[in-house]
Amino acid sequence: MNDGPGDHDVTRLIAAWRSGDEGAREALVERVYANVRAIAAQSLRQMPGATLSATDLAHEALIRLLGTDAAWSDRRHFFHVAAQATRQILVDAARQRLASKRGGGAEKVELDAALGVAANDGDTELVRIDDALRDLQQSDARRAQMIELVYFGGLSRIEVAQALQVSEGTVDRDLRLARAWLRSALEA
Amino acid sequence: MSASTLDTLAPHFERLRTLDPAQRAEEIARLSLDPASRARLERLLAADAADGDPLAEAIAHGAARLHGEGPREFGAWRLVRELGAGGMGTVFLAERADGQFERAVAVKLLRGFPTRDATRRLRQERQILAGLDHPNIARLLDGGETAEGQPWLALEYVDGVPLLEHVATHAPALRDRLALFEAMLDAVAHAHSHLVVHRDIKPANVMVATDGTVKLLDFGIARLVEAGEESQRETSTRVFSRGYASPEQEQGRAITTASDIYSLGVLLREMLEGRRDATDVRASPIAPLRLDADLRGILAKATEPDPAHRYASASEFRDDLRRHREGRPVRAARWTHGYRLRKFVARHRVGFVAASLAVLVAAAFVWRLERERTRARAAEASAQQALVAAEREASRARASLDFLSDAIAAAAPDVAMSREVSVRDLLDAARAKLEQRSDPALVRPMQRLLAHLYGDLGDIRTGLQLMREGVRDAAPADRAEALRLAEDYDEYASQLGIKGDVGEALAAAQRAADWRAQFAPDDRVEQLRSRQSLALVHHRSGDDERAIALLREAMAEAKALPGMPLDLYTNIAQALAALLATAGDADASLAIAEESLARVDALRPKESPEHVLLLRAKANAKSAGGDAAESERLLREAIALQQRVVDPGGSRMMELTNDLAIAVNDLGRYREAADLLRESDRHMTGAGIDGAADRAISEGNLAAVLENAGDYAVALVHYDNAFALLDGAAIGADHQVRRRIEREQARTLGLAGEHARALERLTDLRGRAARIDGEDSGEYAMLTWQLVVLARNMHRPDTGLPLLDEAERRWHGLAPAEHPIFLHMRRARAAFALDRGDLAGAERELRAAVNGFEAAGAQPIDLSIARSELAAVRLRAGDRTEARTLLVAALPALRAAMLPQEISRAAAERTAGLLGLSG
């Protein structure tokens, strides 16, 4: 995607999205989604000796899509998209694994138990986080977005402050509260 | 919870979160909030105070699993499909990539990528785990790292159901549940005796196979995962399962065998009552049994919060269950009464600590510390004479002592309880700590001290690395410093010698000797150190004669010297005994070994390194004297001590395993010997020993064992490997290692039918032996005997008999009359008699040989060969009945130990064919 007219394509899509075109946003998410997936699939071969985290995925997607010298305003929008896309990819994959585990029949469940695979593993947790985050989005969009940017987008608190145009102190306070809220929602 | 609530709670949340709990409660009570909001605020504050970050963990988990997709191969295993993921990584079902076996295995891909150091530790751990061999433990079959460096394990796949499901569906009677559990305790006891703690015993880790066998999974894997994460300790989470993990485990304190006992106790309660403890309210499909007071007492004792109050071992736990089953009074129940309990605990705690390995482990350290302390004191004493210089020395010695004590305390906060902290852990911790220091006056001596300790452990690679750093620019200013440096240089020389750098080693030893001569000309102990060190380097360079002479002098002086340090005495005795045994003087070797062992045992516990060293010396003396069975017993004792107390790997272990292989080979268990040699080879690589001579010896030994088993072709390949190694290091024709390996190759050539090459090589070797060692030497006698064997295989009595007479004469000068070689000489005489058609003469010699082997309780293989040869003679004389009886007794041992092409077995099989005993 980074060699060809795709670059301009993305810039154009971002511009359209900034002017309120929701369709452009969808197209952009689709792009990023495909790209992040490709990175993930190739990472074992191409990145020996390192496990990519969600942060790495997002940052790498950014560099591939925009190049390193993209304007900050573009980056900012991109971060939103990348964080959403990463979240979507990870949660979809977790849902898929859970579904195939449930549908896999008794034999597989036994095997899992035999091999010490906890029934309530990270996949379930990830799906619950996604659900809780969706609830938070309904009632408290800014704090939900902060969580998304930090955890799925890999942004630092300074970057979050810039992206949302608030002070760093606000980021710290909002994050603390949102994190506590999520935790208590997960434990409920 | 709506957004407006969150916004209204935000300021309270920010203000209250930094207060301490008491103040916070007060403040919350004062707020004018409705009860629901108040509860929400309290929940938020509690969540804020909790540790960890479940969001980050779940996301990292998801991201990591995006990668695990696609078919891949791990070593010999091909992944069939992913089974799922747990705390330790992803698990796959796998099969053999070459399709050779139907067997399915479980391949675990451990999470994260360890550092190189952690990878090395992982490999070490894996070796220990692979050594667990118990019918109730799912075996670790294989392991390795992917091309990217991610570690994986292949484990025995157990076809069955999880323990609790088995109990739920079959609802076995109490007796049967306890039988299942006792088998688990057996497995745990086995692992604990190998110093492996499970660390994560829980229902999912116990399976009941379709044949009813209970199997424990993932033994020690938790530890392995932690070993792999060593480098990121602060970020890593310990692997354990809430509900089953012991209190000490949840609190991050030292994990011991007692931690497994706790988890087993919880599991037993769940097997019997369907719940883990009184607070466990989960619905369980297990119908609870009614437990009597004894059984409740047993459960309570196993799950005591204080590890010191639990059963001291899995076998004690099992014994109590057995006592209960047999209706005898149970220990745990008696002790539940207050006064007796206290009394027991007081008594028991002492027993526990005394039995605890850590004490033994620590012992090795205490000696080193003691030495450091002595140094500090000595330096302080001389401070009165040479204030300035010595004060510097004293403070340095004290500083390093403090440093070591700190490092040890940091690595083992609970040493007395922890059976798992090994010397190695302590050293690694000390080394890591040292890397943070930059003051060369402290760092260099500490590097040298650590180099000694690593050398003691057998990790030559790390030892040399530290020593090279530690001796850089060293130049002593006074006597104390010179002696200390000389000792360091001796160790340096020894490690260089082991590594194979003989020239550098001699230079280092000479440097140490010069410093001692210059700074302490009147100190006899110090001169002894120089002599011993030089002797060992001479031995390394192949000059055993000079080495023995130096050591004999040193030993004579050491015995007479008051205040002789025990470690030096041991080293001299051990080296002398070993060299004498190699030179063929078994009696002198045994005398030295026994004398020094008695002296050391009077002063040190059996677990001391000195005892282990001398045990090995004694074993080698016994082996040289022809008593392989006693040698095996002694070596196994030494290995058990070494494993338990010091380190399950390293060069010491390599030497011991190698010696054991030779003893087992001498006992005729050739295949076992070949396995042991391969194990010894692994220890060798693990310890970083890559001296050409050592590796060549190892190749040569393997070849000799393969020859014994009759695999001549493969044996010859290994000899060639050995010569290539020696050529590469320019180790010449007169070097004893090359001569020894050539001698063995000649024997194999003879057996493989390459008589001309064998004859040429042996004649040449005997010429060299006459020149270098003299005609009275063991080497010359051995070569003469081999020429006899060759003549026998070539059916040449005319050249063979005079050689046999000479061999017999020379051997009588070297070995006691009951040495088995003289019985083998009778076999040779019988063969020559047959070549000449003298059936009666052959029968006479072989009967004498058979009787001799029987009387000596000789190894079955020697006796069986002699019997089969006598059978052939009796058959030729027409006595089919005796021939048959003899052969029936001989064949099983021959067939078990040897391949069909081995010449004794081949001959026996021919006779069997004639007697109709084939198949």
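Residues numbered from 1 in each chain as written. Chains lettered and ligands numbered in written order. Predicted model: local features only at pLDDT ≥ 70, side-chain atom pairs only at ≥ 80, totals over all residues. Heavy atoms only, no water.

- Named according to an unreviewed UniProt entry, chain B is Serine/threonine-protein kinase originating from Dokdonella fugitiva.

- The name that an unreviewed UniProt entry assigns to chain A is RNA polymerase sigma factor (TIGR02999 family), with the source organism given as Dokdonella fugitiva.

## Let's talk about the overall build of chain B
(1) Moving on: Along chain B, the regular secondary structure elements total 40 helices and nine strands.
(2) Moving on: Looking at chain B as a whole, 54% of its 919 residues qualify as buried.
(3) Moving on: Once local pairs closer than 6 in sequence are excluded, the contacts in chain B between residues at least 24 apart make up 62%.
(4) Moving on: For chain B, the exposed area adds up to about 38900 Å²; of that, 52% sits on carbon and sulfur atoms. (Helix = DSSP H or I, 4+ residues; strand = E, 2+ residues; numbered from the N terminus. Buried < 20%, exposed > 50% of the residue type's maximum accessible area, 1.4 Å probe, protein only. Contact = heavy atoms within 4.5 Å. Areas by Shrake-Rupley, 256 points an atom, 1.4 Å probe, with all protein chains shown as cover.)

## What to know about the overall build of chain A
(1) Moving on: Scanning chain A from terminus to terminus reveals nine helices and zero strands.
(2) Moving on: In chain A, the succession of α and β elements from N to C terminus is α-α-α-α-α-α-α-α-α.
(3) Moving on: When burial is assessed residue by residue, chain A has 51% of its 188 residues classed as buried.
(4) Moving on: Counting contacts in chain A only where the partners sit at least 6 residues apart, residues at least 24 apart contribute 65% of the total.
(5) Moving on: When the accessible area of chain A is evaluated, it comes to approximately 8400 Å², of which 49% is carbon and sulfur surface.

## Focus on the side chain of E273(B)
Residue and element names in this part refer to chain B.
(1) Moving on: Its place among the elements puts E273 in helix α10 (residues 257–273).
(2) Moving on: A relative accessible area of 18% places E273 in the buried class.
(3) Moving on: Leave out the neighbours within four places in its chain, and E273 touches P288, L289 and L291.

## Focus: helix α9 (residues 168–187) of chain A
(1) Moving on: The end-to-end C-alpha distance of α9(A) is 28 Å, a good match for the 28 Å that 20 residues give at a rise of 1.5 Å each.
(2) Moving on: Where α9(A) is concerned, the buried positions are T170(A), V171(A), D174(A), L175(A), L177(A), A178(A), A180(A), W181(A), L182(A), R183(A), S184(A) and L186(A). (Expected span 1.5 Å × (residues − 1).)

## Focus: helix α6 (residues 122–139) of chain A
(1) Moving on: In this model, α6(A) (18 residues) spans 26 Å end to end at C-alpha, consistent with the 26 Å of a helix rising 1.5 Å per residue.
(2) Moving on: All buried positions along α6(A) are accounted for by G122(A), D123(A), E125(A), L126(A), V127(A), I129(A), D130(A), A132(A), L133(A) and L136(A).

## What to know about the packing of aromatic side chains
Residues and elements named next belong to chain B.
(1) Moving on: With the rule as written, the count across this model stands at four aromatic pairs over all chains.
(2) Moving on: With a centroid separation of 5.2 Å and 80° between ring planes, the pair formed by Y489 and W515 is classed as edge-to-face. With a gap of 26 residues between them, Y489 in helix α20 (residues 479–499) and W515 in helix α21 (residues 502–519) connect regions that are remote in the sequence.
(3) Moving on: On the basis of relative accessibility, which here comes to 6%, the residue Y489 falls in the buried class.
(4) Moving on: An aromatic cluster is present here, built from F181, Y311 and F317 joined pairwise through their rings.
(5) Moving on: The ring of Y311 has K301 lying over it, and the distance from NZ or CZ to the ring centre is 5.0 Å. (Phe/Tyr/Trp six-rings, centres within 6.5 Å; stacked < 30°, edge-to-face > 60°. Lys NZ or Arg CZ within 6 Å of the ring centre and 35° of its normal.)

## Brief notes about the pattern of salt bridges
Residues and elements named next belong to chain B.
(1) Moving on: Throughout the structure, instances matching the rule amount to 67 salt bridges over all chains.
(2) Moving on: Between D776 and R810 there is a salt bridge whose closest N-O contact spans 3.7 Å. Of this pair, D776 sits in the loop between α33 (755–772) and α34 (778–793) while R810 sits in helix α35 (residues 797–812), and the two are 34 residues apart along the sequence.
(3) Moving on: Using a relative accessible area of 67% as the deciding quantity, one classes D776 as exposed.
(4) Moving on: Close ionic contact of R829 with D805 constitutes a salt bridge, the shortest N to O distance being 3.0 Å. Remark: D805 occurs in helix α35 and R829 occurs in helix α36 (residues 821–835); sequence separation between them is 24 residues. (Salt bridge = Lys/Arg side-chain N within 4 Å of Asp/Glu carboxyl O.)

## With respect to unusual backbone geometry
(1) Moving on: A positive phi is found at A171(B), a non-glycine position, where the angle reads about 40°.
(2) Moving on: We classify A171(B) as partly exposed; its relative accessible area is 46%.

## Observations regarding the pairing of strand β8 (residues 206–209) of chain B
All names here are of chain B.
(1) Moving on: Here β8 shows a buried face lined by V206 and V208 and a second buried face lined by M207 and A209.
(2) Moving on: Relative to β8, strand β7 (residues 160–162) runs antiparallel, the two being bridged by three bridges. From the neighbouring strand, V161 faces β8, where its bridge partner is V208.
(3) Moving on: In terms of strand pairing, β8 meets strand β9 (residues 214–216) through three bridges, oriented antiparallel. (Pairing = 2+ DSSP bridges.)

## A closer look at the sheet that holds β7(B)
Residues and elements named next belong to chain B.
(1) Moving on: Pairing within the open sheet is antiparallel, and its three strands lie in the order β7-β8-β9. Each edge of the sheet is formed by a strand with only one pairing partner; in this case those strands are β7 and β9. Neighbour-to-neighbour, the strand axes of the sheet open up by a mean angle of 30°, direction not taken into account.
(2) Moving on: Contacting β7, β8 and β9, helix α6 (residues 163–170) runs over the sheet at an angle of about 95° to β7.
(3) Moving on: Those strands touched by helix α7 (residues 174–193) are β8 and β9, and its axis lies near 35° from that of β9. (Axes fitted to C-alpha atoms, helices over the stretch in contact; angles between N-to-C directions.)

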